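# Structure at a glance
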Amino acid sequence: MNEIICPNCKKAFKVDEAGFADILKQVRDHQFEEELNNRLVLAAKEKDSAVELAKANTKNLMQEELAKKDKELTELKAKSGSELAEKLAKKETEIAEMKSQIQSAETQKRLDVSEAVKKIEKERDNLANDLKIKATETQLLEKSITEQFANKLGVKDETIKMKDDEIARLKDFKQRLSTKMVGETLEQHCETEFNKLRATAFQNSYFEKDNDSKGGTKGDFIYRESDEAGNEIISIMFEMKNENDETATKKRNEDFFAKLDKDRQDKNCEYAVLVTLLESENEFYNTGIVDVSHKFDKMYVVRPQFFIPIITLLRNAAMNSLKYKAELNLMRNQNVDITNFEEKIDAFRKGFAYNYDLASRKFTTAIEEIDKTITHLNKTKEALLSSENNLRLANNKADELTIKKLTYGNPTMKAKFDGLSDKT
């Protein structure tokens, strides 16, 4: 149905497509006839004006010339003699020539007017033909638009029927799914959509399940991409949330923001994206890509159809800033290298001071031990020297020891040794 507003009463009323096409044709035909008549009237007026103007100009010119000649003739008649007669004859001849010229001028003017009229009539005929062509084109265009509109209505009705069938099928399918299966279905959908483009658009990208739960929780998928130098271009933590229409307790998207932000920070991701089918009637989340960074930094909420577009948008934005990220990483690495160098120098100084202090203390202990050893060795030396002197004295005493001395003052032993001597 089409809505038409009355130009007089300003009221709106609706007509069907056939009525609208008929009204449009009537308006087009009326406009064509009115415009053609206006052009014809204007051409006739221009023609009449041109003729009248030419006649008026010629008449005025001739009258001026005749008045001038009459004046001259009168002046000549006032004179006498042959000179006047000659002049009179000459003037009469000039008058005849002027009349002839006037007739020629009138004839030329009529020819000019006739040509001007023919030209205007030709322009009028061309304009009429153009109007007819435009009218024909308008009719063809109206017919084409009407046919296209009818085709679109047919396609629209068919599409609506297909959508209704698909909705009914999905509702029946979702009623037979458990909550866990519903969530896994959305994850599989997103993974499948990504894998369709992985070989062409995301050759150097990482997109895998988040299986690290050391922080107590984990997200669903992590997307990372780096350049050839190893500089990270972008990283995204994804959370997929679906819900069965028949579920008694409905969850809100906002219920998952805090966990998603924690997972993003735990896994060192730059962005967080919630792909959700929750709150299906909420127009805030049905408008497209929703930025919720006013609640949690660098967080977006999208419907599944915007899963690939959000990656593309964030990736393209990150590519524009890649140069600056590379320079920042270079400066950061340089700062880290300087810091590591300073830390190594400081560690060397501390280690050297510690080892020097330890070596110094050990050296002092060693010197003390050497001094103690020297003292002990001196005592040992003195003891050895004393022992050597005693041994020398003992040896001397041993050399001085004889049988005679042993038996001196001992008659018994002397008798035994004497007896041994006799046996020998």
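As the structure is a prediction and not an experimental result, all values here were calculated from the model. (Residues numbered from 1 in each chain as written. Predicted model: local features only at pLDDT ≥ 70, side-chain atom pairs only at ≥ 80, totals over all residues. Heavy atoms only, no water.)

## Examining the overall build of the protein
Within the protein, the secondary structure is distributed over 9 helices and 8 strands. Each of the 424 residues in the protein was classed as buried or not, and the buried ones make up 22%. Residue pairs in contact within the protein that sit at least 24 positions apart in sequence constitute 57% of those at least 6 positions apart. In the structure as shown, the protein presents an accessible area of about 30900 Å², 55% of it carried by carbon and sulfur atoms. (Helix = DSSP H or I, 4+ residues; strand = E, 2+ residues; numbered from the N terminus. Buried < 20%, exposed > 50% of the residue type's maximum accessible area, 1.4 Å probe, protein only. Contact = heavy atoms within 4.5 Å. Areas by Shrake-Rupley, 256 points an atom, 1.4 Å probe, with all protein chains shown as cover.)

## Points about the side chain of Asp263
Residue placement: Asp263 occurs in helix H4 (residues 257-266). By relative accessible area, Asp263 is classed as buried at 0%. Looking at Asp263, its side chain comes within polar contact range of the side chain of Lys259, at 2.8 Å. When residues no more than four places from it in sequence are discounted, the contact partners of Asp263 are Thr217, Lys218, Gly219, Met237 and Glu239. (Polar contact = N/O pair within 3.5 Å; in protein donor to acceptor, adjacent residues only side chain to side chain.)

## Here's the deal with the sheet that holds strand S3 (residues 205-209)
On the basis of which strands lie adjacent, the open sheet formed by 6 strands has the order S3-S4-S5-S6-S8-S7 and mixed pairing. Looking at strand neighbours, the two that pair on one side only are S3 and strand S7 (290-291), the edges of this open sheet. Strand direction decides the pairing type here: S3 and strand S4 (residues 221-226), joined by 5 bridges, are antiparallel. Paired with Ser205 across the bridge in S4 is Glu225. Each of strand S5 (232-241), strand S6 (271-276) and strand S8 (299-302) is contacted by H4, which is oriented at about 150° to S5, the strand it contacts most. In the packing of helix H6 (residues 307-320) onto the sheet, the strands contacted are S3, S4, S5, S6 and S8, and the crossing angle to S5 comes to about 160°. (Pairing = 2+ DSSP bridges. Axes fitted to C-alpha atoms, helices over the stretch in contact; angles between N-to-C directions.)

## Looking at the packing of aromatic side chains
Within the structure shown, the criterion is met by 11 aromatic pairs. A centroid spacing of 4.8 Å and a plane angle of 0° characterise the contact between Phe207 and Phe221, whose relative ring orientation is stacked. With a gap of 14 residues between them, Phe207 in strand S3 and Phe221 in strand S4 connect regions that are remote in the sequence. Judged by its relative accessible area of 0%, Phe207 falls in the buried class. A ring pair is formed by Phe207 and Phe307, whose centres lie 6.0 Å apart and whose planes are at 55°; its orientation type is tilted. Note that Phe207 is positioned in strand S3 and Phe307 in helix H6, a separation of 100 residues in sequence. Residue classification places Phe307 among the buried positions, given a relative accessible area of 1%. Through successive ring pairs, a cluster of aromatic residues spans Phe194, Phe202, Phe207, Phe221, Tyr223, Phe238 and Phe307. The positively charged end of Lys209 is found above the aromatic ring belonging to Phe221, 5.3 Å away from the centroid. (Phe/Tyr/Trp six-rings, centres within 6.5 Å; stacked < 30°, edge-to-face > 60°. Lys NZ or Arg CZ within 6 Å of the ring centre and 35° of its normal.)

## Thoughts on the pattern of salt bridges
Inspection of the entire model under this criterion finds 13 salt bridges. Its salt-bridge partner being Arg315, residue Glu225 comes within 2.7 Å of it at the nearest N-O pair. With Glu225 in strand S4 and Arg315 in helix H6, this residue pair connects regions lying 90 residues apart in the sequence. Among the ionic pairs, Arg264 bridges to Asp261, the shortest N-O distance being 3.5 Å. You can see Arg264 and its partner Asp261 sitting in helix H4, 3 residues apart, about one turn around the helix. (Salt bridge = Lys/Arg side-chain N within 4 Å of Asp/Glu carboxyl O.)

## Some points on H4
Within the sequence span of H4, burial applies to Phe257, Leu260, Asp261, Asp263 and Arg264. The buried residues of H4 occupy an angular sector of 160° when the element is viewed end-on, so they sit on one face. Where H4 is buried, its residues contact S5, S6, helix H5 (283-286) and S8. Looking one or two residues beyond H4, the residue adopting positive phi is Asn268, at roughly 55°. (Arc of directions from axis to C-beta.)

## Details of H6
Along its 14 residues, H6 runs 21 Å from first to last C-alpha, staying within 8% of the 20 Å computed at 1.5 Å per residue. Inspection of H6 places Phe307, Ile308, Ile310, Ile311, Leu314 and Ala318 among the buried residues, and these make up the whole buried set. Buried residues along H6 cover an arc of 160° about the axis, so they all sit on one side. In this structure, H6 carries Leu313 and Asn320 as exposed residues pointing more than 90 degrees from its buried face. (Expected span 1.5 Å × (residues − 1).)

## Notes on the environment of Ile145
Note that Ile145 resides in helix H2 (residues 82-175). With relative accessibility at 46%, the residue Ile145 sits in the partly exposed group.

## Brief notes about the nonpolar core
Counting 24 residues, the largest nonpolar core has Tyr223, Phe238, Val273 and Phe307 as the members making the most contacts within it. Elements represented by at least two residues in this core include exactly helix H3 (179-198), S4, S5, S6, S8 and H6. Here this core takes 6 residues from H6, the largest share from any one element. Once residues within four sequence positions are removed from consideration, Tyr223 is found in contact with Phe194, Phe202, Ser205, Tyr206, Phe207, Ile234, Ser235, Ile236, Phe238, Ile311 and Arg315. (Core = buried A, V, L, I, M, F, W, Y, C linked by side-chain atoms within 4.5 Å.)

## Remarks on the confidence of the model for the protein
Chain-level pLDDT for the protein is 76 on average; 65% of the residues reach the 70-or-more range. Between the elements of the protein, mean pLDDT differs from a low of 60, seen in helix H8 (residues 403-407), to a high of 96, seen in S8. The model gives residues 176-183 a pLDDT under 50, and that stretch makes 7 contacts with residues more than four places away or in other chains. (pLDDT = per-residue confidence, 0-100.)

## Brief notes about the pairing of S8
Going residue by residue along S8, you find Met299 and Val301 tucked away on one face and Tyr300 and Val302 tucked away on the opposite face as well. By the bridge criterion, 2 bridges tie S7 to S8 in an arrangement that is antiparallel. The partner of Asp291 across the bridge, within S8, is Tyr300.

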